Each structure stands twice: as C-alpha cells, then as structure tokens.
Amino acid sequence: MDLKINLFVDGEEVPPSSGKYLERRDPGDESNVIGLVADGFEDVGGAVDAARRAFDRDAGGWVSDYRLRTRVLLKAAELLRQNLDSLARMESLFVGKTIRTSRMSDIPRAAELLEYYAGLADKVLGTSQILRTGDLVSIVKQPVGVVAAIVPWNFPLVILCRQVAPALAAGCTVVAKPSSLTPATALELAKILDKAGAPKGVFNVVTGGGETVGDKLLKNEKVDLVNFTGSTSVGKNIMQKASSHLKRVVLELGGKNPNIVFDDADLERAANAVVYGAYANNGESCAAGSRLLVHSKVRKQFVEMVVERVKRIRVGYQLDERSDMGPLVSRGQLETVLEYVGAAASEGLKILCGGERLAEGFYSRGNYMKPTVIDDTPPESRLFQEEIFGPVLTVTEFRDEDEAVELANATIYGLAAGVWSSDPGRAYRVASRVKAGAVWINTYYTLPVEMPWGGFKQSGIGRNNTVLAIEHYLESKGVYVDTQQGSMRPYYRLVLGE
Ligand code: NAD
C-alpha cells in the first residue's frame, strides 16, 4: 500500500507547497512504507486564512445557520458508518491497534460524537433578563472563531472528532493537525465533511511534525482557540505559546490512572476489567489503568488472576482478526517502553510476566512487545509516577481506604480512576476523594460521549464530551437594549451637566 496523505485546505485536497512528504512505515512490519505524509509547514498560514475567511464571512451560512451544521454533522456520521471497514483498516494500519478495536470502538465512537453534537447545534441558547426599568439584557452565545485542533496518534479519529464535533456544532471553523505518524483518517474526515456539505474553509487539515507545523499553527494570531490532546510536557509548552495572543486553550493531557481493588470486590469481574483497562489499545492510552492498587487481603489471589489473563493475550499483526494486542506505534515508542521496563529491573522490581520485546520470526519486523506486569511497585518508583504509554501494569498493595486514596492521588496526574467494591458507600467515598476527572465504579474504560472527559491536576484543563464541551467554543456576549423614553438619562448628566 502506498498512500499519499495530502493536506485539505479551503475545500480541496492539495499537495504540500514544499512538495515534501515524510515516509510512514507499518508499525507491524517496518519494511513496508504505508503512507507518504505531506509536510505542510509552508501551508499552515493558508489553512488558517481559509478558516478565518470562512468564519468572518459566514461562508455558506456556516456561522449563522445552525440547521446546516446539524445536517452536515449527521450526514458526516452516516458516511463514517458507511465506510466503517475501510476507515477501521486505515486506522489500525497506521496506529498498530487491532482491527477489532478500530471496527468495534474507534469508528463507531467517532460517528457517535458527530451525531451527539449535531443534536446540540440548534440548542445553543442564551438567556435574557428584563430589568426593573423594563430594559432588556441578553446573554448571547456566539462561536469563538477559528479553532486549532492538535491531535495525538493513539486514537486519531475519535480524538479528532471529540475535539472538532462540538467546535463545528458551535459554528466555529477548524484547522486540524493530526500526528505525523497517524494522519490518514483526518484527511478522510475532511473529505467526508466536504461531501456532507460543509462549506469551503470550514474544516482544514495540515499534516507534519509537532515542533514545525504544530508550532506554526500555535503562533498564528488568527487562531482563537487551541484544543490540544497529547502529553503533559507538550501541553505546558502549548499553554505558554497560546498566551502570546491570549488564545483560549483546552488541554487533554497524560494520565497514570489507578484501578483500586478492595477485598470485597467481585474479583472475577475486576480481573477482566483491570486487564482490559491496562492493555486495550496496546496500553497506549491516556485512560489506561496502568497502576493496580489492590487490598493486601486479596492481593496474592488477585494478582495471580490478572497474570493468568495477561499471559493469554495474543500479540500479533494489527490487521489479523485473531490479535488481541498489536505492535506499538513506532520503534521509538517501543524503545521508550523497554527503557522503563529496564528501569524496573535496575530498581530491583520483580517482573511477573512479559518485560521484553517479541523479536522472533515475523515479530522482529515490527514493534511488538509482551504485555508486562510488574510487582510491588513503590510510590517513589519512576514506574509508579510516570506515564509509560505502553502495555505495562504495576502492582501496589494497600491496607485500608485511606492508604488506597493516598496512593491513588500520589502522582502529578488526575485523569481517571477505577474503584472496585461491593460496598456502595465505600465506592462513592473513594470516588469522591480521588482527584481525577473521571471515575468508574465496578467497571473501567467505558467512555461514551455522555461521560465528561478531562483532567484534574496536570492531566489537563477543560472537558471534552457531553454538553460541557460545547461551552469551550462559545463566547458570551452581553446585549443591552434601552427601552426608556426621551433623549436624556441621569448618568449622561454626569458628563453633559444638569
Ligand atoms: P505529543 O504531546 O507528543 O503530541 C501530540 C500532538 O501534538 C501531535 O500532533 C504532535 O505532532 C503535536 N506536537 C508535539 N510537539 C508540539 C509542539 N511543540 N507544538 C505544537 N504541537 C506539537 O503526544 P503523542 O505522543 O502524540 O500522544 C501521547 C500522549 O497523549 C500521552 O501523554 C497521552 O496521555 C496523551 N493523550 C491524552 C489523552 C486525553 O484524553 N487526556 C488522549 C490521548 C492521548
């Protein structure tokens, strides 16, 4: 497969002005080039201008006609569903996530996001108040303007839709910058929105590197808001740069999420969910439940149950229907994860299973790694503190509720947490004390659009999903209507005299 991934600017797919393309190799077989990704550095300004023009001139009625926005988003969702198989294949090929994951989760979730916000486009309501004088004050909600959507590689289409569906529903225009590792479905979304009737300039895509294309987008003063999903370190950098023009920011950043298992939990169910939560999407997920915190009374039994399940995970090529886990997204990512596992060994931590690259036969061609469980990881360990972003689960024991909460909160992150207990009072208490933007009780990693998503602490600012998200893309404007008779007002006299 040799696929040119171009840019999408002002309603058209275009090659990069530089003529340059970056090679993308198959993460499951690095000997294959699967895509040539446009280096859009020279085209950032043009894409932002197109989005700016479309917004300022209300292109095709995009800003003023909310019914148009509803129709376009619904039609785009329908087209995503019609192309489910080819989009799922494309997503898996580039990311390394299994084809079953893309087909069952990523593409349908992307369509759901478009449908959900299509239903909100005509419900952006302001408020009005009649003052005691009879004058009217209204709070009018209006779209913010041009949105830059900078997206990571682990859920390229879902995250892109999570960022842009509420922005488009609100009447904004968008310039999207997908990760250069996984840009293919962003271009497909652009073509789909165009087919669905989005006016020219409403949705643009520029591909290329973060420090080049992403940086240029951030520095463009015609961008009003940046919605960034990615690592905490880049998120801090984005916030600093956005401050130069006081761009609004929404940041969805890293996570180091605890799954807290009490001794009264349904252990069978918890073991299934802990394994799912840690290794879904190859463990390359901000929501990964990568820290297992388990009560001392059930620790031995529970860890055995987990390890037994982890050993059954079939690692294989991402497009193979039998694979439960695919290759990591790049050689660099594989090396990062292996470096953490190496640090575990040098810290004297015990590796209960996995802990190495899969390198025999076909595996040697890709970035395959054995799913790994590391025992007895103390809170001081790097493996407890830092986001590894790969198939690595650490185990830490606690003795009571207070200690569980303390351990859960002992990192800089606060994205998500799972609580497992048959005592509703305990589950609610812990859910309330854990500093995380999302808490799952007796389940893990169920993330429909109805569940708000965003971080406490250094996991982010703002919320994606739900009705909360659309607020980020709206400005509130006050409109005052003076209903009094006559040409003079008492306060005019302060200047005009008695
Ligand atoms: P990353 O931060 O390296 O990159 C994210 C995006 O930002 C990419 O498009 C990249 O090209 C761009 N970028 C990088 N440096 C930039 C710069 N200096 N200026 C402008 N843009 C820049 O993240 P990644 O490796 O693609 O993804 C993994 C990270 O994303 C993890 O930390 C993960 O937790 C986080 N993530 C968070 C969520 C969430 O919902 N909270 C979801 C998915 C991923």
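Above this text you will find the structure in question.
Small disclaimer: the values here were computed from a predicted structure and weren't measured.

Rules used throughout
Residues numbered from 1 in each chain as written. Predicted model: local features only at pLDDT ≥ 70, side-chain atom pairs only at ≥ 80, totals over all residues. Heavy atoms only, no water. Pairing = 2+ DSSP bridges. Helix = DSSP H or I, 4+ residues; strand = E, 2+ residues; numbered from the N terminus. Axes fitted to C-alpha atoms, helices over the stretch in contact; angles between N-to-C directions. Salt bridge = Lys/Arg side-chain N within 4 Å of Asp/Glu carboxyl O. Buried < 20%, exposed > 50% of the residue type's maximum accessible area, 1.4 Å probe, protein only. Near = heavy atom within 4 Å. Polar contact = N/O pair within 3.5 Å; in protein donor to acceptor, adjacent residues only side chain to side chain. Areas by Shrake-Rupley, 256 points an atom, 1.4 Å probe, with all protein chains shown as cover. Nonpolar A, V, L, I, M, F, W, Y, C, P; charged D, E, K, R; others polar. Domains from an automatic or database assignment. Contact = heavy atoms within 4.5 Å.

Taken in spatial order, the 3 strands line up as β6-β7-β21 in an open sheet, and their pairing is antiparallel. The strands lining the two open edges of the sheet, one partner per strand, are β6 (127-130) and β21 (474-481). The average undirected angle you get between the axes of adjacent strands in this sheet is 20°.

This structure, assessed with the given rule, holds 38 salt bridges. When the shortest N-O distance is used, the salt bridge between E339 and R382 registers 3.4 Å. One end of the pair, E339, is in helix α11 (residues 331-346); the other, R382, is in helix α12 (residues 382-385), and 43 residues separate them in sequence. A residue is classified by how much of its surface remains accessible, and E339, at 43% relative accessible area, is partly exposed. Linking D402 and R433 is a salt bridge whose minimum nitrogen-to-oxygen distance equals 2.9 Å. In this pair, D402 sits in helix α13 (residues 401-408) while R433 sits in helix α14 (residues 424-433), placing the two residues 31 residues apart along the sequence. Residue classification places D402 among the partly exposed positions, given a relative accessible area of 46%. Where salt bridges share partners, they join D263, D264, K297, E401, R426 and R429 into one cluster.

All right, on to the site of the ligand then. Within the structure, the ligand sits among 29 residues, and V151, K177, S231, L253 and E387 are positioned closest to it. Here an oxygen atom of the ligand and a side-chain polar atom of E252 are 3.4 Å apart. Here the ligand has 840 Å² of accessible area as a free molecule, and 90% of this is covered by the chains. When contributions to the shell around the ligand are tallied by element, the ones reaching two or more residues are α5 (156-170), α7 (210-219), β11 (225-229) and α8 (232-242). If one sorts the elements of the shell around the ligand by residue count, α7 sits on top with 5 residues. Across the shell around the ligand, the residue classes break down as 15 nonpolar, 8 polar and 6 charged. A domain split of the shell around the ligand shows at least three residues from each of domain 1 (3-253 + 459-478) and domain 2 (258-441).

With that settled, consider the side chain of R299. Relative to the assigned elements, R299 resides in helix α10 (residues 299-310). There is a polar contact of 2.6 Å between the side chain of R299 and the side chain of D375. In this structure the side chain of R299 is engaged in a polar contact, spanning 2.8 Å, whose partner is the side chain of E397. Apart from residues no more than four positions distant in its own chain, R299 is found in contact with V294, D375, D376 and E397.

At N281, a position not held by glycine, the phi torsion is positive, near 55°. Here N281 is to be found in the loop between α9 (267-279) and β14 (291-295). Taking relative accessible area as the criterion, N281 reaches 6% and is therefore assigned buried. Its identity as a non-glycine residue notwithstanding, F389 has a phi of 60°, on the positive side. Relative to the helices and strands, F389 is located in the loop between α12 and β17 (392-398). Taking the relative accessible area as the measure of exposure, F389 reaches 16% and is therefore buried.

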